[in-house]
Protein chains: 2
Amino acid sequence: MRIGAIEAGGTKFVCGIGDEEGRILDRISFPTERPEPTLGKVIDYFRDKGVEAIGIGTFGPINIDPASPMYGHVTTTPKPGWTGYDFLGTLKKEFDVPFGWDTDVNAAAYGEAKWGAAKGLDSCAYFTIGTGIGVGVYAEGKLVHGLVHPEGGHIPVKRHPDDTFEGFCPYHKDCLEGVAAGPAIERRWGVKGSELGADHPAWAMEAYYIGQAVATAVLMLSPKKIILGGGVMKQEHLLPMIREEAKRYLNGYVRDERVLAGMDEYVVAPGLGEIAGLYGALALGLAAAGRA
Amino acid sequence: MRIGAIEAGGTKFVCGIGDEEGRILDRISFPTERPEPTLGKVIDYFRDKGVEAIGIGTFGPINIDPASPMYGHVTTTPKPGWTGYDFLGTLKKEFDVPFGWDTDVNAAAYGEAKWGAAKGLDSCAYFTIGTGIGVGVYAEGKLVHGLVHPEGGHIPVKRHPDDTFEGFCPYHKDCLEGVAAGPAIERRWGVKGSELGADHPAWAMEAYYIGQAVATAVLMLSPKKIILGGGVMKQEHLLPMIREEAKRYLNGYVRDERVLAGMDEYVVAPGLGEIAGLYGALALGLAAAGRA
């Protein structure tokens, strides 16, 4: 069985072909431009590949309500040309196969639950922390959609007492994303996070915020695994600091050994590495083909 | 079909008999004392009632992991005698029927989804705001359990700039519950909330905090309905203020008309009033009897 997978990110697209065993047989990537040339490359790639279904995990926000006339559209984004674009419809015109369609982070959560760090579990939350912050939620064996879809990057967080940066989120100023996404680090300290040493105070502040996000996920969703991915998490010293901060915030309230102990097995890096999103898209495609 | 329902609250127990149509045929209530005399009254009530199943929605935290040896126990609570108590096991010894067992707030969310404000929807979040704050989560047609169960009363919130009260949560000081549950209002202003006029600044501050909780629920869970119950919500002027604060926080980011408009139909009072919990316990009992 050949399944198409599309990981549509804000900076690059990854397209691939996979099978029902979760093997990626082929893949390409290219920068995200305006929608028409970008989708043109996607169509060129899948043409004559003989895929039986295509799964798409995409940046958003997007409309994932099958009952809506705007299903499959990007709703609103600062990316030029993409607001209101009929992403799914454009591909459906070209390929007469079942499609899976969800957010990039929901796809990543699904991929991790199927083949990665949350394999065998019926719940997990997947955070990506990069130029923005997104959250995918898998609960009771299902991806959570609801009204629209989770947008956990924008939750309120308590300000770090030493933080004088006002936050950069155009909607909420100092929400989680506004104080903890990559651009917040760069604007606060004047250099990119990747140029800051592991002992720079930037990381304690970053862990303070991401630790609150982890605690909020534990308290609102009680997932069986919390997975932290994205560019900022490439700083390997950060993950243990985040575990400490989450534990410090929760302060023994959630009485489960997986949380009370060091959280080393509970708050983890993606098991599928940087291509969790592509695996997730493959999983969405398999589900669309009735092979979940 | 006669189904037993137990709403086990921190201050009172409500026991009832219901049927598969969601009718409550009989009920009694009594104060919550130490576990033995309290469960004694529960057992006396259901003896000879001929129930085919019993649903329990209880204060907690509790163990709801069927694979755990501590399933059915209260895990930890300041209530004398209840920490570690085998609540479910005590009843199972007396009644040889299927049992449903969940948190009071998950039960209330389930009752509201079955017969109340979220009827016909496959997701909702139910907050109770009283002497404590609890959250029940129903997503994709299932109650959310996961690692333990949601404990959304303890999420971090941004401090109101005029709030000098340090918060009373013994674990987190100024988490949501620590600054917005009933006792926080009383300690901050020196009188009970029920004695404060509708124009007292206490309510703007309360709405500021509960509005953040609503926004966090929208962002983390994207439920199709958010239901606010509990003693504090008896102040009827509070609900519209909370809607305004949630809308102000979200600031147009979640582009769905149900959120962008006044939220009058989205953030609502319980449809089942004060006995949402008992209806929820009935729904749990029906599910245990295979009649969900």
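Residues numbered from 1 in each chain as written. Chains lettered and ligands numbered in written order. Predicted model: local features only at pLDDT ≥ 70, side-chain atom pairs only at ≥ 80, totals over all residues. Heavy atoms only, no water.

### Some points on the overall build of chain A
Thinking step 1. A tally of regular secondary structure across chain A gives nine helices and ten strands.
Thinking step 2. Computed over the C-alpha atoms, the radius of gyration of chain A is 19 Å, within 12% of the 19 Å expected from 2.2 N^0.38 for a compact globule of 292 residues.
Thinking step 3. Seen through its C-alpha atoms, chain A measures out along the principal axes to roughly 55 × 40 × 35 Å.
Thinking step 4. Here chain A holds 292 residues, and the buried ones make up 61% of them.
Thinking step 5. Of the contacts formed within chain A by residues at least 6 apart in sequence, a portion of 62% connects residues at least 24 apart.
Thinking step 6. As displayed, chain A offers around 11,100 Å² of accessible surface, 48% of which is attributable to carbon and sulfur atoms.
Thinking step 7. Both charge centroids of chain A, one from 29 positive and one from 37 negative side chains, sit 1 Å from each other. (Helix = DSSP H or I, 4+ residues; strand = E, 2+ residues; numbered from the N terminus. Rg over C-alpha atoms; globule rule 2.2 N^0.38 Å. Buried < 20%, exposed > 50% of the residue type's maximum accessible area, 1.4 Å probe, protein only. Contact = heavy atoms within 4.5 Å. Areas by Shrake-Rupley, 256 points an atom, 1.4 Å probe, with all protein chains shown as cover. Lys, Arg positive; Asp, Glu negative; His and termini not counted. Charge placed at Lys NZ, Arg CZ, Asp CG, Glu CD.)

### What to know about the relation of the copies chain B and chain A
Thinking step 1. Between chain B and chain A, which share one sequence, the superposing operator has a rotation angle of 180 degrees and an axial displacement of 0.0 Å; the RMSD is 0.0 Å. Within this description, the copies of the chain are treated as partners about a two-fold rotation axis. Ranked by how close their C-alpha atoms come to the rotation axis, the residues of chain B are headed by K158(B), at 2.4 Å.
Thinking step 2. When you check the interface residues of chain B against chain A, 100% turn up at the interface there too, and the contact is symmetric in its surfaces. (Least-squares fit on C-alpha atoms with pLDDT ≥ 70 in both.)

### Examining the domain arrangement of chain A
Residues and elements named next belong to chain A.
Thinking step 1. Partitioning chain A into structural domains gives domain 1 (3-107 + 274-291) and domain 2 (120-269).
Thinking step 2. Placing a centre on the C-alpha atoms of domain 1 and another on those of domain 2 gives a separation of 26 Å.
Thinking step 3. In this complex, domain 1 contributes eleven residues to the contact, which on the side of domain 2 involves 14 residues.
Thinking step 4. Both sides together, the interface formed by domain 1 and domain 2 hides about 920 Å², and carbon and sulfur atoms give 60% of it. (Domains from an automatic or database assignment. Buried area = accessible area lost by both parts, 1.4 Å probe.)

### Description of the interface of chain B and chain A
Interface size is commonly expressed as the accessible surface area that is lost when the partners come together.
Thinking step 1. Of the residues lining the interface, 50 residues belong to chain B; the matching set on chain A comes to 50 residues.
Thinking step 2. Across the chain B/chain A interface, buried area totals approximately 4,500 Å², and carbon plus sulfur atoms make up 64% of it.
Thinking step 3. The largest share of the area that chain B buries against chain A comes from L147(B), M220(B) and Y253(B), three residues that together contribute 20% of it.
Thinking step 4. At the junction of chain B and chain A, the tally comes to two salt bridges. (Salt bridge = Lys/Arg side-chain N within 4 Å of Asp/Glu carboxyl O.)

### Details of the environment of K224(B)
Thinking step 1. Tracing the backbone shows K224(B) in the loop between helix 6 (201-221) and strand 9 (226-229).
Thinking step 2. Along the primary structure K224(B) and R258(B) are separated by 34 residues, whereas in three dimensions their C-alpha atoms are 8.9 Å apart.
Thinking step 3. If near-sequence neighbours (up to four positions away) are discounted, K224(B) is found in contact with G146(A), L147(A), L121(B), D122(B), S123(B) and Y266(B).
Thinking step 4. A distance of 2.9 Å separates a polar atom in the side chain of K224(B) from a polar atom in the side chain of D122(B). (Polar contact = N/O pair within 3.5 Å; in protein donor to acceptor, adjacent residues only side chain to side chain.)

### Digging into the sheet that holds strand 6 (residues 124-129) of chain A
Residue and element names in this part refer to chain A.
Thinking step 1. Strand order in this open sheet of five strands is 8-7-6-9-10, and the pairing throughout is mixed. Strands with a single pairing partner mark the edges of an open sheet, and in this sheet they are strand 8 (142-143) and strand 10 (267-268).
Thinking step 2. Here strand 6 runs beside strand 7 (residues 133-139); their pairing, made up of six bridges, is antiparallel. Residue pairing for strand 7: Y126 is matched across the bridge by G136. (Pairing = 2+ DSSP bridges.)

### Description of the pattern of salt bridges
Thinking step 1. In the structure shown here, the tally under the stated rule is 32 salt bridges over all chains.
Thinking step 2. Across the pair D174(B) and R159(B) runs a salt bridge, and its minimum N-O distance is 2.8 Å. In this pair, D174(B) sits in the loop between strand 8 (142-143) and helix 4 (176-180) while R159(B) sits in the loop between strand 8 and helix 4, placing the two residues 15 residues apart along the sequence.
Thinking step 3. Each of K158(A), R159(B), D163(B), D174(B) and R188(B) takes part in salt bridges that share partners, so that together they form one network.

### Considering unusual backbone geometry
Thinking step 1. In this model, G60(A) is joined to P61(A) through a cis peptide bond whose omega is 0 degrees.
Thinking step 2. The phi angle at E140(A) is positive, at roughly 50 degrees, despite the residue not being glycine.
Thinking step 3. Structurally, E140(A) can be placed in the loop between strand 7 and strand 8.
Thinking step 4. Backbone geometry at D48(B) places phi at a positive 70 degrees, although glycine is not the residue there.
Thinking step 5. Within the element layout of this structure, D48(B) appears in the loop between helix 1 (35-46) and strand 4 (53-58).

### As for the packing of aromatic side chains
To describe a pair of aromatic rings, you give the distance between the ring centres and the angle between the ring planes.
Residue and element names in this part refer to chain A.
Thinking step 1. According to the stated counting rule, one finds 26 aromatic pairs over all chains in the structure shown.
Thinking step 2. Pairwise contacts between aromatic rings join F13, F30, F59, W82, Y85, F87 and W101 into one cluster.
Thinking step 3. Lying over the aromatic face of Y45, K49 brings its terminal NZ or CZ to 4.1 Å of the ring centre. (Phe/Tyr/Trp six-rings, centres within 6.5 Å; stacked < 30°, edge-to-face > 60°. Lys NZ or Arg CZ within 6 Å of the ring centre and 35° of its normal.)

### Quick word on helix 9 (residues 276-288) of chain B
All names here are of chain B.
Thinking step 1. Spanning 13 residues, helix 9 covers 18 Å between terminal C-alpha atoms, matching the ideal 18 Å at 1.5 Å per step.
Thinking step 2. Most of helix 9 sits out of view: eleven of its 13 residues are buried.
Thinking step 3. Turning to helix 9, its buried residues are A276, G277, L278, Y279, G280, A281, L282, A283, L284, G285 and L286.
Thinking step 4. Where helix 9 terminates, the next one or two residues include G290, which has phi positive at roughly 75 degrees. (Expected span 1.5 Å × (residues − 1).)

### Structural notes on the pairing of strand 2 (residues 12-18) of chain A
Looking down a regular strand, the side chains alternate between one sheet face and the other.
All names here are of chain A.
Thinking step 1. Within strand 2, six of the seven residues are buried, which leaves the element mostly enclosed by the surrounding structure.
Thinking step 2. Hairpin remark: strand 1 (residues 3-8) followed by strand 2, antiparallel, with three residues in the connecting loop.
Thinking step 3. Bridging between strand 2 and strand 3 (residues 24-31) involves seven bridges; their strand directions are antiparallel. The partner of C15 across the bridge, within strand 3, is I28.
Thinking step 4. Between the antiparallel neighbours strand 2 and strand 3 lie five residues, among them G22 with a positive phi of about 80 degrees.

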